[in-house]
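Structural overview
The residues making up each chain are set out below.
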Amino acid sequence: MGSLPNENRTDNAPSLGYIKDVAVIGAGISGVVTTAHLLRAGLNVTVFERTGVIGGVWDFQPQADRDPPFPNIRPPDPNWEEVEKEGLTSDEIALIHGPPNPCYAGLKNNIPTPVMRSSLLRWPEGSEDFVDQKVVHQYIQDIARVHNVYDKVLFHTRVESVSKPSGSNRWNVTTSTFTKTDSSHVLTKKAWKFDAVVVASGHYHVPFVPDIPGLSTWKQHFPNRVTHSKQYRTPTPFSNQTLLIIGAGVSAVDIAKETAPLGAKIIQSRRESKYDSLGSRLPEGVERHAMVAEFILNNTTTEMNPQLLGPGSAIPGKVLLEDGKVIEGIDHVIIATGYISSYPFLGELEQPRVRWQDADEKVVITDGKTTDNLYKDVFYIPNPSLAFIGVSHLVSTFSLFDFQAQVVSTVFAGQAHLPAQSIMRQEHRERKARFKPGDRFHSMFAAEDAYIDKVLSWVNGDLVKAGLQPLPGMDEEWHAGYKVLKERLKNRQ
């Protein structure tokens, strides 16, 4: 394993120290490819996965997660002690300790497989461009099997704290492991020390529920009729119903496409933006409307306790839209408004009550929409031995996260150095200054090829100086496929 000679270090480049032992949080695609590349670089890796399987968001479980709060607009305060609450069954504790992912039975990739793939393993011969979740899940597990990732994973183990004391060269990590026994369960706490930590836990855990007037009241009265898309599993319960779907992302479109053939009438409410690009994929007959301004219950609905509506009974109320239109006769509301980024184990680095504009040079999470103080969406600028994989949005996912994992392993192995901290901070400030309301800070919408070229220029400059093989970046097949994808995305705007 080669490394960059000291005389070739970038002036004032931050010192990561000697890195040998690395913690990886999460065993979805980001965690799997990160672990594989770190192992190939000769590093020791321990992976913490709070569920019992490899696969992340692509692992389908019939059991859905618990309802989020209504509304839910910022990262929640961690409540690690909830699993110790008296009266809970082992199954209830397991659900809290390692909640299911939002995967639904009909989930498919929305990026073609030639563009969405890891450098570590090709898709099986003859794979179609769009495949169902079972195929994608198997692909992730195959990568893990081929590259010996399974041997490094501690399942049913959630990370509860990651910190680096002042003056220390190592990160402190505390975990909790859930073990089911014949008659009960055991929770085991453990403290660890690592030279570096990679957060690869994804951002599809904490549902975002907008604070729309009246929505919480509808949820309180009719809890089974108002849900977030994270609870969606199959279309059958929505047969022949009138659905109000709020949101314009992939899950909103997929739910509409799955329920419409079963006789569902679909009403979509969304806020128009440049990211509202999936309208052409909606099934015929979907009504598209402005964003909901208010949920209103009929005056006759006075009972405040949860109520059950019989089959064929619509919610007794109406919805007022921002353009003044009124919609009635709704059977079910599905909130498909996405997720909040949250890393509750980071302690004081997560400040959900701070506006993103007011984030200092240490905080990582503020309002849950922005992961702050990262260089190239990956390295934590104040201490780059903490890295993140999977932060970037609207990208080729598997391909980009694999590339970012290669960069992390190269830097952690000492084969490439980061720029001076002042340079990384300045780039981050300039990026925030360009950010406009309505934008997505981590979006690389039709622009990730330019990002990859810039990162390669930096990393390969160091590798060539050290006499090492440069990173190849994406191959011709990826570039050809991404060019087509870019044109398609631009034409939707």
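Per chain, the residues get numbers from 1 upward, laid out in the order the sequence is written. Where totals are concerned, whole chains, interfaces and linings use all residues; where local detail is concerned, this predicted model gives features only for residues with pLDDT of at least 70, and gives and counts side-chain atom pairs only at 80 or more. Only hydrogens and water are removed before side-chain values are computed, so all heavy atoms of the structure are retained for them.

A tally of helices and strands in the protein chain yields nine helices and 20 strands. Relative to the compact-globule value of 23 Å for 493 residues, the protein chain shows a C-alpha radius of gyration of 23 Å, a close match. Overall, the C-alpha framework of the protein chain stretches about 80 × 55 × 50 Å when taken along its three principal axes. Throughout this description, buried means an accessible area under 20% of the type-specific maximum (1.4 Å probe, protein chains only), exposed means over 50%, and partly exposed covers the range between. The 493 residues of the protein chain split such that 53% are buried. We call two residues in contact whenever any of their non-hydrogen atoms come within 4.5 Å of each other. Partitioning the contacts of the protein chain with sequence separation of at least 6, the portion at a separation of at least 24 is 69%. Carbon together with sulfur atoms contributes 49% to the accessible area of the protein chain, which is approximately 22,300 Å² in total. Only runs of H or I of at least four residues qualify as helices and only runs of E of at least two qualify as strands under DSSP, and these elements are numbered from the N terminus. In this treatment the radius of gyration is a C-alpha quantity, and the globule benchmark scales as 2.2 Å times the residue count to the 0.38 power. Per-residue and other accessible areas were derived by the Shrake-Rupley procedure at a 1.4 Å probe size, with only the shown protein chains allowed to occlude residues.

The next point concerns the packing of aromatic side chains. Ring geometry is summarised as follows: Phe, Tyr and Trp rings, the Trp one being its six-membered ring, pair when their centres sit within 6.5 Å, and such pairs are stacked at plane angles under 30 degrees, edge-to-face over 60 and tilted between the two. Going through the model one piece at a time under the given rule, you end up with 17 aromatic pairs. Considering the side-chain rings of Tyr104 and Tyr232, the 5.6 Å spacing of their centres and the 70° angle between planes classify their relative orientation as edge-to-face. Here Tyr232 lies in the loop between β9 (226–228) and β10 (242–246) and Tyr104 lies in the loop between α2 (90–97) and α3 (133–146), a separation of 128 residues in the sequence. The pair Tyr104 / Tyr232 is uniform in exposure class, with both members buried. A centroid spacing of 3.9 Å and a plane angle of 10° characterise the contact between Trp123 and Tyr139, whose relative ring orientation is stacked. Of this pair, Trp123 sits in the loop between α2 and α3 while Tyr139 sits in helix α3; the two residues are 16 residues apart in sequence, bridging distant segments of the chain. Judged on exposure class, the residue Trp123 and its partner Tyr139 are both buried. Cluster of aromatic residues (ring-pair linked, three or more members): Tyr375, Phe379, Phe412 and Trp458. Sitting above the plane of the Trp192 ring, Lys190 keeps its charged end 4.1 Å from the centroid. Charge-over-ring placement is defined geometrically: NZ (Lys) or CZ (Arg) within 6 Å of the ring centre, and within 35 degrees of the ring normal. The ring of Phe441 is capped by Arg431, whose NZ or CZ atom sits 4.4 Å from the centre of that ring.

One open sheet accounts for five strands, arranged β9-β16-β10-β11-β12; its pairing is parallel. Where the open sheet ends on each side, the last strands, each with one partner, are β9 and β12 (287–289). In this sheet, neighbouring strand axes are inclined to one another by 20° on average, regardless of whether the strands run parallel or antiparallel. Here, any two strands with at least 2 DSSP bridges between them count as paired. As paired elements, β9 and strand β16 (residues 332–335) share three bridges and run parallel to each other. Its bridge partner lying in β16, Val226 is registered against Val333. A fitted line through C-alpha atoms represents every axis, and for helices the fit uses only the stretch in contact; the resulting angles, taken between N-to-C directions, go from 0 to 180 degrees. Each of β10, β11 (265–269) and β16 is contacted by helix α5 (residues 250–259), which is oriented at about 165° to β10, the strand it contacts most.

Let us now look at empty space enclosed by the protein. As defined here, a cavity is a set of points on a 1 Å grid over the protein atoms alone where a 1.4 Å probe fits but cannot get out. A pocket is an open set with protein on both sides within 12 Å along at least five of seven lines, and residues line them when an atom is within 4 Å of a point. Grid points are joined across faces, edges and corners, and a volume is the space filled by probe spheres set on the points. Under the criterion given, the structure shown has one cavity of 30 Å³ or more. As a volume, the largest cavity reaches approximately 40 Å³. Along the walls of the largest cavity sit Lys376, Val378, Phe379, Phe403, Gln404, Val407, Tyr451, Val455 and Trp458, which together make up its complete lining. Elements that contribute at least two residues to the lining of the largest cavity include exactly α6 (398–412) and α8 (448–465). A class-by-class count of the residues in the lining of the largest cavity yields seven nonpolar, one polar and one charged. Each residue gets one of three labels, nonpolar for Ala, Val, Leu, Ile, Met, Phe, Trp, Tyr, Cys and Pro, charged for Asp, Glu, Lys and Arg, and polar for the others, Gly among them.

Among the residues of α2, those classed as buried are Ser90, Ile93, Leu95, Ile96 and His97. In this structure, the buried side of α2 is in contact with β4 (157–163), β5 (171–180) and β6 (185–194).

Our focus in this paragraph is the sheet that holds β5. Two pairing modes exist for strands in a sheet, parallel and antiparallel, and in both the strands are linked by backbone hydrogen bonds. Taking strand neighbours across the sheet as the criterion, the three strands line up as β4-β5-β6 in an open arrangement whose pairing is antiparallel. Looking at which strands have only one partner, the edges of the open sheet turn out to be β4 and β6. Shown here is a sheet whose adjacent strand axes are inclined to one another by a mean of 20°, direction ignored. Both β5 and β6 contribute to a ladder of ten bridges, which runs antiparallel. Bridge pairing in β6 places Thr174 opposite Ala191. On the sheet, α2 packs against β4, β5 and β6 and is oriented at approximately 150° with respect to β5.

Structurally, Gln307 can be placed in the loop between β13 (292–297) and β14 (317–321). Overall, the relative accessible area of 24% leaves Gln307 in the partly exposed class. Each C-alpha atom of the pair Gln307 and His221 lies 5.6 Å from the other, and the pair is 86 residues apart in sequence.

Another point: the nonpolar core. The criterion is simple. A nonpolar core is a set of buried Ala, Val, Leu, Ile, Met, Phe, Trp, Tyr and Cys residues joined through side-chain atoms within 4.5 Å. Core analysis: the biggest nonpolar cluster contains 84 residues, and Phe379 and Phe412 have the highest contact counts within it. Among the elements that make up this core, the one with the highest residue count is α6 (nine residues). In this structure, Ala23, Val159, Val197 and Leu346 belong to the second largest nonpolar core, which totals 22 residues.

Without other data, these values stay purely geometric and don't point to any function.
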